[in-house]
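Coordinate analysis (summary)
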Amino acid sequence: YGAGVSTPWEQERTISLYGVKWHVRIAPTPKLLAEMKTIAGETVLVAGLVMALLLAITIRFAQNSHRRAEEAEAAGVGLAREIGQREETERTLRLSEEKFRGLLESAPDGIVIVNVEHEIVMVNEQLERMFGYDRAELLGRSVEILIPSRYARHQKYGKEYMWSPRRTEKGQSLQLLALRRDG
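Residues numbered from 1 in each chain as written. Predicted model: local features only at pLDDT ≥ 70, side-chain atom pairs only at ≥ 80, totals over all residues. Heavy atoms only, no water.

1. Things to note about the confidence of the model for the protein
- Looking at the protein, the pLDDT average stands at 79 and 70% of residues meet or exceed 70.
- Considering each helix and strand of the protein separately, the mean pLDDT is smallest for helix H4 (residues 154-163), with a value of 64, and largest for helix H3 (residues 135-138), with 95. (pLDDT = per-residue confidence, 0-100. Helix = DSSP H or I, 4+ residues; strand = E, 2+ residues; numbered from the N terminus.)

Below you can see the structure in the form of C-alpha cells.
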C-alpha cells in the first residue's frame, strides 16, 4: 500500500503550511479496522452470493421463456395443421352429404330414414307427396306416425331389424302398409 501504510484506509501526507512541514497520517484504530474487515468481507461475500443467485434465476427464467416460446410455436404449427385437416374433413363431409341428399331426392320411391330410437331423421320429397306430410312435420317424430295402429307389432320387428338388418333378394318383395296423413 505504500511506505509505512499497512491498509488501504490509511493515508499519509506531508503538508507545508506557513513554512512549517506537517507530516499527517490518518489510520483507523485497530478495533475499527477489525470491524471493517469483518463487515467488508461478509458484505462482499453476501453481495456476491446474492448476485450469483439473481444471475442464476435470470438465466433460468430466460431458458424457460425460450422453451415456452418454442413449445407455443410448435403447438401453433400443430394446431394450424389440425385446423386445416378438420376443415378439409368438414368440406369432404359436406360434399358427401350433398351427394347423398341428391341421390335421396332423385329416388323415384318415397324414402324415410330413422335412427335407433325410431325417430325420423330424413325423408325425401316423394315420401312427403305419398303421405301428405311436410318434411318439418315428420322430422324428429316416431316412425310409428306412418304405421296403422292395427300393425302396432311393427315396433317389435322394426327394433329387431335395426339390430340385424337384412336385404331382400332380387325378385322378392316386402309389402308394408303405411298411413297417410289424411287416414
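There's plenty left to go through after this.
2. Re a nonpolar patch on the surface
- Together, Ile15, Val20 and Trp22 make up a nonpolar patch on the protein surface, roughly 290 Å² of accessible area in all.
- When you line up the elements, Val20 lands in strand E2 (residues 20-26). (Patch = residues over 30% accessible without salt bridge, like charges linked within 9 Å, V, L, I, M, F, W, Y side chains within 5 Å. Areas by Shrake-Rupley, 256 points an atom, 1.4 Å probe, with all protein chains shown as cover. Salt bridge = Lys/Arg side-chain N within 4 Å of Asp/Glu carboxyl O.)

3. Considerations on the nonpolar core
- By size, the foremost hydrophobic cluster in this structure holds 9 residues: Ile120, Val123, Leu127, Phe131, Tyr133, Leu138, Val143, Ile145 and Leu146.
- If you list the elements that add at least two residues to this core, you get strand E4 (120-123) and helix H2 (125-131).
- Beyond its immediate stretch of four places on either side in the chain, Leu146 contacts Ile120, Phe131, Tyr133, Leu138, Leu177, Ala178 and Leu179. (Core = buried A, V, L, I, M, F, W, Y, C linked by side-chain atoms within 4.5 Å. Buried < 20%, exposed > 50% of the residue type's maximum accessible area, 1.4 Å probe, protein only. Contact = heavy atoms within 4.5 Å.)

4. A short note on the pairing of E4
- The sheet contact formed by strand E3 (residues 112-114) and E4 spans 3 bridges and is antiparallel. Paired with Val114 across the bridge in E4 is Ile120.
- Connecting the antiparallel pair E3 and E4 is a turn made up of 5 residues, with His118 showing a positive phi of about 65°. (Pairing = 2+ DSSP bridges.)

5. Focus: the pattern of salt bridges
- In total, this model carries 9 salt bridges according to the counting rule given.
- The closest approach of N and O atoms between Arg67 and Glu71, which form a salt bridge, is 3.0 Å. Taken together, the residues Arg67 and Glu71, both in helix H1 (residues 30-106) and 4 residues apart, mark about one turn of the helix.
- Among the residues examined, Arg67 registers a relative accessible area of 37% and is labelled partly exposed.
- Given a relative accessible area of 44%, Glu71 falls into the partly exposed group.
- One salt bridge connects Arg181 with Glu137, and the closest N-O pair in it is separated by 2.8 Å. Here Arg181 is found in the segment after H4, whereas its partner Glu137 is found in helix H3, with 44 residues between them in sequence.
- Here the residues in one salt-bridge network are Glu105, Glu128 and Arg135, joined through shared partners.

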